[in-house]
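Coordinate inspection notes
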Amino acid sequence: MKQFVLLLLLLLIFGQADAQNVVIQGKVVDERNQPLSYSSVTLLNLQRSIFADSLGNFSFTVPTRTNFSTYNLRISSVGKKTMEISLSPDQLSTIQLIKLADLSLTLKEVEVNQLRSAQNSNSSILFNRQAIEQVQAFSLADILNNLPGKKLTPPDLQSPQNITLRSEAKGIQALSNALGIAIIMDDIQLSNNANMQSRNVGKWGVGGGAISSPTFGSFDVAFGGLDLRDIPTDNIESIEVITGVAPAKYGDLTDGAVIINRQAGQTPYQFSTRINGGSTNFSLSKGFKLNRKWGAINIGVNYLNSNENPSDKTKVYDRASTNVMWTSYPFKGIKNTLSVDYNTKIDNVKQDPDDGFDFRTYAKSRNLSISNRTAITLNHPIAKSINFSISYSGGNQETYNQRYINGYPEGISDKDVANQIYEGYFIPGNYTAVEHIKGNPMNINGNVSLANEVYTGKLLHQLSIGANTYFSKNNGEGVIVDPTKPRWANTRYQNDRPYDFESLPDVFNYGLYVQDQFKFKLFNREMSINPGIRYDVQNSQGFLQPRINARYGIAKDVQLTMAYGMSTKGPTLAHRYPAPTYIDLVLLNKYTGNVNESIVLFYTDKIIADNSELKSSQSNQLELGLQVNKRLFTTSIFGYFKDNFNGFSNNTQYRTYSMPQFDYTFVPSGRPIVTPNGLYTNRYVSISTVGNDLSSKNYGLEWGVSLKKIAAIQTSFDINTSFSYSTYHNAATRIVPASQNNIDLGKKAWFAIYPANNYQDWNLMSRVSTSTHIPKLGFVVNLLADIAWQTVSKTDYSSQIPIAYMDRYLNRYEITAFDPKNADYGHLALSSLANSKSKLPFSYVNMSLRIAKEIKQKIRIAVNAYNFLNIRYRYYNPDNNSVSTYSYPTSVGAELSIKF
């Protein structure tokens, strides 16, 4: 592997330059023959991209020895339909005039569905601007619900939205999958690494500690992926979703990437508004063209208000965002893009004066992001291009929850001590309990890459080398605790203490990569190979990750594909630095109604987690595919195996204590007399910790067929079918304490260790989509049918016979053959549990409809209806007298967009 990296570096620096060149020249104009300044032009043969000048002119210098039979160009400009053209060598002597049409439903061909397109990986899925507009999305989550294998649902803006890819695993496994999906916007990787909005891991576990409303759940996403509700879509030009093997330039991921490109260039004013139920969204954007090298500046604002129930507005989600993007061309061959984004959001559960408990919950945040990207195009033997970027993101997060407590006086401990017995105090039973967390997450990301084209003999290599850095810190006030108003007093023998985020260390990770792309003839058919290798340092540990995407044309219109890759995702601040766990054991609790005559004694132990050795979560993925592109149809099938391991698990550990007993003597109008009596009580306490014990194996098939438009009915058809299967463990083993009675009897085995339970989930579904497009009318009707063939969830309960046990000192003893008569551990056998299995009682179809009408290419009116037939699929289960519903009621939304 080291030799491969060294070879690529030597090729990059000392590869043979070619003295003889051919030149491809062109000019990009609009339909009115006006120059399209700074359009993007890509020579697909070499994957080399440049931009036109202020007059729309561009040129490529290509070595003669490439000897391409055709030169393939892709030309794009914001607000225009992307065009691909092929030029023969004879045409290179002529300056090509390339005319781009305005994006419009009046074009002869429009694409309103996602496409399989080999971009950054063999199986990438691409949403272009028209496909994005057709979804009428409130957020990125609505668009990603259109991916194969996902079910269409009405917009859900009342709870956090994540995305998982190529996995059916649930619970904490889904949380880990979402964390491992990179969201990359304008070449900058967005990060959730500094999010610490969670209660104590020791008490609540990984992923279970988000402050929550009793009615509406939680709103924070520590330990997981970004909340997709926070990303508006009005100014997005394209989205590429990598579900397979990402190229080596992308790091800090395990389960795929979502690559977002926003609009940058001259555009008219565009105002959009959309409604759906209690949700309303407004946006306004404009791209201003500046003089010559000053390029263009794009400005956009977006506001969303969503009420869970418009009649009372108890639960509200508000989002406001603005962005400014300035793209300039200060010198020949240099493109610079400066972006500034500011956004705020709040999930607000208002206090209901009639509930009697004064419930109030909110989660709000403000965030400022500044990034700068520079692309330098060269024509030098050492480098054809250099790209570098840097970004800063900083903000404020605040989560709050309150509840009125009406109970008995409670004994409380609040000392920050370890292994100490002391007297606590009593608080009244009536008070407003508060949970409060304030965070100030900060992320800094930097990237640099250098690309070149070199030869080894007749083989052309497109080489790139680069580096990425990731810095995360949280300067927040942290967990704010008033010990006299606890929300969860003495829960699991634990009480909260204040925890300051600002004093925590930062997290600094970095990565290096080298990747190549080359093509050659194998049996007179083209073979394209994109190998690469990446080295990441995460949590001070190094990980080597080879990756490859390969394509082989077995016929003119048939290709075989293969991809394999390893990838890693480093632990976040929340994983690395959970708050200390305080175990508060009540040794004596005597309350007489008079505080001065009462006493409560506590033993407190403080446990500080050391997660310095926590590993990165990892995945290995193998993908095989077949793609066919015929005149009347295209089809593709991809099969994959993805092995995820070392995922961030929620582990249970135990502490044992032998606590002294005390005699109590009541003293009227005075302090009670307390003396130790020489007796001891054996106690154990469970705490949650972060581990690396999540593992899953994921298998799947993804088959898609697209039929070209049938002219007689102006309709095209798309069919996608996905099968996915996951088998997974959430822990290495299960630890179950013995009964207190057996412990009191002096049994040696206090804890039994059993094999971990195994879970299996699989899903088979299809989506049939028809698109009827009438260009003369600027009219599109999109009918979508989700077919749920079967969904199965199965739990294989592990053996109820222990494989080992631990004594009171937590020493482990293996059990090679279980003996129920053994005096030390015979009491540990559990009653056998039958495996559980749930599945769909029947297959069902859910129909959705999207209609869009464009007027004079300026006004767009669209309507969408989820389950527009309002068919409700219900199943009555006589075994438990329950009713399950498998579809939502009809949900209708509308959108109006005006360009001026």
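Above this text sits the structure in question.
First things first, this report covers the structure right here in the doc. Just so you know, these numbers come straight off a predicted model, no measurement behind them.

Concerning empty space enclosed by the protein
Enumeration over the complete set of coordinates arrives at 13 cavities of 30 Å³ or more. One number sums up the size of the second largest cavity: a volume of about 450 Å³. When residues of the lining of the second largest cavity are traced back to their parent elements, those giving at least two are helix H5 (201-204), strand E26 (430-439), strand E29 (478-480) and strand E35 (581-590). Here the lining of the second largest cavity gets four residues from one element, more than from any other, and that element is E26. For the lining of the second largest cavity, the residue count by class is 23 nonpolar, seven polar and nine charged.

Side note on the sheet that holds strand E36 (residues 599-607)
Strand order in this open sheet of three strands is E24-E36-E35, and the pairing throughout is antiparallel. Because the sheet does not close on itself, it has two edges, and the strands there are strand E24 (420-423) and E35. Adjacent strand axes in the sheet meet at a mean angle of 25 degrees when their direction is disregarded. Summarising the sheet, E24 and E36 pair through four bridges and their orientation is antiparallel.

Notes on unusual backbone geometry
Although it is not a glycine, Asp 358 adopts a positive phi angle of roughly 55 degrees. Along the chain, Asp 358 turns up in the loop between strand E20 (334-349) and strand E21 (360-377). With phi around 55 degrees, Phe 523 is a residue other than glycine that occupies positive phi space. For Phe 523, the position within the fold is in the loop between strand E31 (518-522) and strand E32 (525-538). Given the relative accessible area of 72%, Phe 523 is considered exposed.

Considerations on the pairing of strand E6 (residues 83-87)
Inspection of the sheet shows strand E5 (residues 71-76) paired to E6 by five bridges, in the antiparallel sense. By the bridge assignment for E6, Asn 72 is matched with Ser 86. Taking the residues between adjacent antiparallel strands as the criterion, E5 and E6 are bridged by six residues, where Gly 79 takes a positive phi near 80 degrees.

Thoughts on the sheet that holds strand E42 (residues 751-755)
Strand order across the open sheet formed by four strands is E41-E42-E45-E46, with antiparallel pairing between neighbours. The sheet is open, and its two edges are formed by strand E41 (733-737) and strand E46 (812-814), each paired on a single side. When strand polarity is set aside, the average angle formed by the axes of neighbouring strands in this sheet is 25 degrees. Bridge analysis of E42 against strand E45 (residues 804-806) gives three bridges, and the strand direction is antiparallel. By the bridge assignment for E45, Ala 752 is matched with Tyr 805.

Details of the side chain of Ser 649
The residue Ser 649 is located in strand E38 (residues 633-665) in this model. Relative accessible area serves as the criterion here: at 0%, Ser 649 is assigned to the buried category. From its side chain, Ser 649 meets the backbone nitrogen of Asp 693 in a polar contact 3.0 Å long. Aside from chain neighbours lying at most four places away, what touches Ser 649 is Ile 172, Val 206, Thr 689, Val 690, Gly 691, Asn 692, Asp 693, Leu 694 and Asn 730.

A few points about the packing of aromatic side chains
Overall, the coordinates contain 32 aromatic pairs when judged by the stated rule. Measuring from ring centre to ring centre gives 6.3 Å for Phe 58 and Phe 60, while their planes differ by 70 degrees; the resulting arrangement is edge-to-face. For Phe 58, a relative accessible area of 5% corresponds to the buried category. We classify Phe 60 as buried; its relative accessible area is 1%. Here the aromatic rings of Phe 357 and Phe 359 are separated by 5.6 Å at their centres, their planes lie at 35 degrees, and the arrangement is tilted. One aromatic cluster in this structure is built from Phe 842, Tyr 844, Tyr 873, Tyr 875 and Tyr 886. Note that Lys 286 overlies the ring of Phe 288, its terminal NZ or CZ placed 5.3 Å from the centroid.

Reading the values: the criteria
- Residues numbered from 1 in each chain as written.
- Predicted model: local features only at pLDDT ≥ 70, side-chain atom pairs only at ≥ 80, totals over all residues.
- Heavy atoms only, no water.
- 1 Å grid on protein atoms, 1.4 Å probe; cavity = no way out; pocket = protein on both sides within 12 Å on 5 of 7 lines; lining within 4 Å.
- Points joined across faces, edges and corners; volume = space filled by probe spheres on them.
- Helix = DSSP H or I, 4+ residues; strand = E, 2+ residues; numbered from the N terminus.
- Nonpolar A, V, L, I, M, F, W, Y, C, P; charged D, E, K, R; others polar.
- Pairing = 2+ DSSP bridges.
- Axes fitted to C-alpha atoms, helices over the stretch in contact; angles between N-to-C directions.
- Buried < 20%, exposed > 50% of the residue type's maximum accessible area, 1.4 Å probe, protein only.
- Polar contact = N/O pair within 3.5 Å; in protein donor to acceptor, adjacent residues only side chain to side chain.
- Contact = heavy atoms within 4.5 Å.
- Phe/Tyr/Trp six-rings, centres within 6.5 Å; stacked < 30°, edge-to-face > 60°.
- Lys NZ or Arg CZ within 6 Å of the ring centre and 35° of its normal.

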